[in-house]
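Architecture and fold: a report
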Amino acid sequence: MTDLELQGMALELAREAGEAGEVPIGALVIRAGAVIGRGRNRMEELQDATAHAEMFALRQAANHLGTWRLDGCQLFATLEPCPMCAGAILNSRIGRVVYGAPDHRLGACRTHWALLERNPVGREVEVVEGVLGEESAKLLRSFFRELRIGDRASASDRRPMGDPDEIA
């Protein structure tokens, strides 16, 4: 599968998150062309600040392989990973990260920090940005716009990425 196809699958997970009232972010872990981990944001559902899409995808991949060492794996995310997720990516030894939209508030791959490419452990991580980035950003902007005018919740209660206009 191509990066576009895999990122499209992550975008579907993001849509599922949005439909569930979560910030629409999705993630996949791939090894040897097969999806071994999937995740979508579940922070509201679980009332857990660590319930990010990437964290679920990494856990599922580790469970699938029977090890936390995800050497040879790639992570696809619809939004640039935050510092927490970037740390988990480094610790799990993911070798390649592909993301869609930049996160202008907490982006830890390139936007604010380069935790993956300039990491203190010297691990090589390839970072590819902007794959289906506009589609990912549009989904996020739409979600936050709906929050401002809809009945889901107060926009001030859910702003993990800051102002939606800052996204991509």
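Residues numbered from 1 in each chain as written. Predicted model: local features only at pLDDT ≥ 70, side-chain atom pairs only at ≥ 80, totals over all residues. Heavy atoms only, no water.

**Notes on the sheet that holds strand β2 (residues 34–40)**
The cut-off we apply is this: At least two DSSP bridges between two strands are needed for those strands to be called paired. Numbering goes from the N terminus for both helices and strands, where a helix is a DSSP run of H or I of at least four residues and a strand is a run of E of at least two. Comment: axis = line fitted to C-alpha atoms, over the contacting stretch for helices; angle = value between 0 and 180 degrees taken between N-to-C directions. We call two residues contacting when some pair of their heavy atoms lies within 4.5 Å.
Spatial ordering of the open sheet is given by β2-β1-β3-β4-β5, a layout of 5 strands whose pairing is mixed. Edge positions in the open sheet fall to β2 and β5 (126–129), since each of these has one partner strand only. Strand-to-strand twist of the sheet, defined as the mean angle between neighbouring strand axes without regard to direction, takes the value 15 degrees. Two strands pair when backbone bridges link them, and strand β4 (residues 96–101) and β5 are joined in this way by 4 bridges, in the parallel orientation. What sits directly across from Val-97, in β5, is Val-127. Running over the sheet, helix α1 (residues 3–19) touches β1 (26–31), β2, β3 (73–79) and β4 and is turned about 145 degrees from β1.

**Some details on the packing of aromatic side chains**
For the record, the criterion: Stacked, tilted and edge-to-face are the three classes assigned to paired rings of Phe, Tyr and Trp, where Trp is represented by its six-membered ring and a pair needs centres within 6.5 Å; plane angles under 30 degrees give stacked, over 60 edge-to-face, the rest tilted. The cut-offs for exposure are 20% and 50% of the maximum accessible area for each residue type, with area from a 1.4 Å probe on protein chains only; residues under the lower value are buried, those over the upper are exposed, and the others partly exposed. Note on geometry: a ring has a charge over it if NZ (lysine) or CZ (arginine) is within 6 Å of the ring centre and within 35 degrees of the ring normal.
Using the criterion set out here, one finds 1 aromatic pair in the structure. Their ring planes at 85 degrees and their centres at 5.4 Å tell us that Phe-143 and Phe-144 sit as a pair that is edge-to-face. A relative accessible area of 4% places Phe-143 in the buried class. It is Arg-42 that lies over the ring of Phe-56; its NZ or CZ is 5.0 Å from the centre.

**Some details on the pattern of salt bridges**
Inclusion rule: A pair is scored as a salt bridge if a Lys or Arg side-chain nitrogen falls within 4 Å of a carboxyl oxygen belonging to Asp or Glu.
Taken as a whole and judged by the stated rule, the model has 8 salt bridges. Residue Arg-110 pairs with Glu-129 through a salt bridge whose shortest N-O separation is 3.0 Å. Of this pair, Arg-110 sits in the loop between β4 and β5 while Glu-129 sits in strand β5, and the two are 19 residues apart along the sequence.

**Section: the nonpolar core**
Convention followed: Side-chain atoms within 4.5 Å are what join buried Ala, Val, Leu, Ile, Met, Phe, Trp, Tyr and Cys residues into a set we call a nonpolar core.
In terms of nonpolar packing, the biggest core is built from 36 residues, with Val-29, Leu-58, Leu-75, Ile-94 and Leu-116 touching the most fellow members. Within the residue set of this core, elements represented by two or more residues are β1, α3 (53–65), β3, α4 (83–92), β4 and α5 (133–149). Looking at this core, the element that brings in the most residues is α3, giving 6 residues. Excluding residues within four positions of it along the chain, Ile-94 makes contact with Val-29, Leu-58, Leu-70, Cys-73, Gln-74, Leu-75, Ile-89 and Val-125. Among the nonpolar cores identified, the runner-up in size contains 9 residues, and Leu-6, Leu-13, Ile-30 and Val-98 belong to it.

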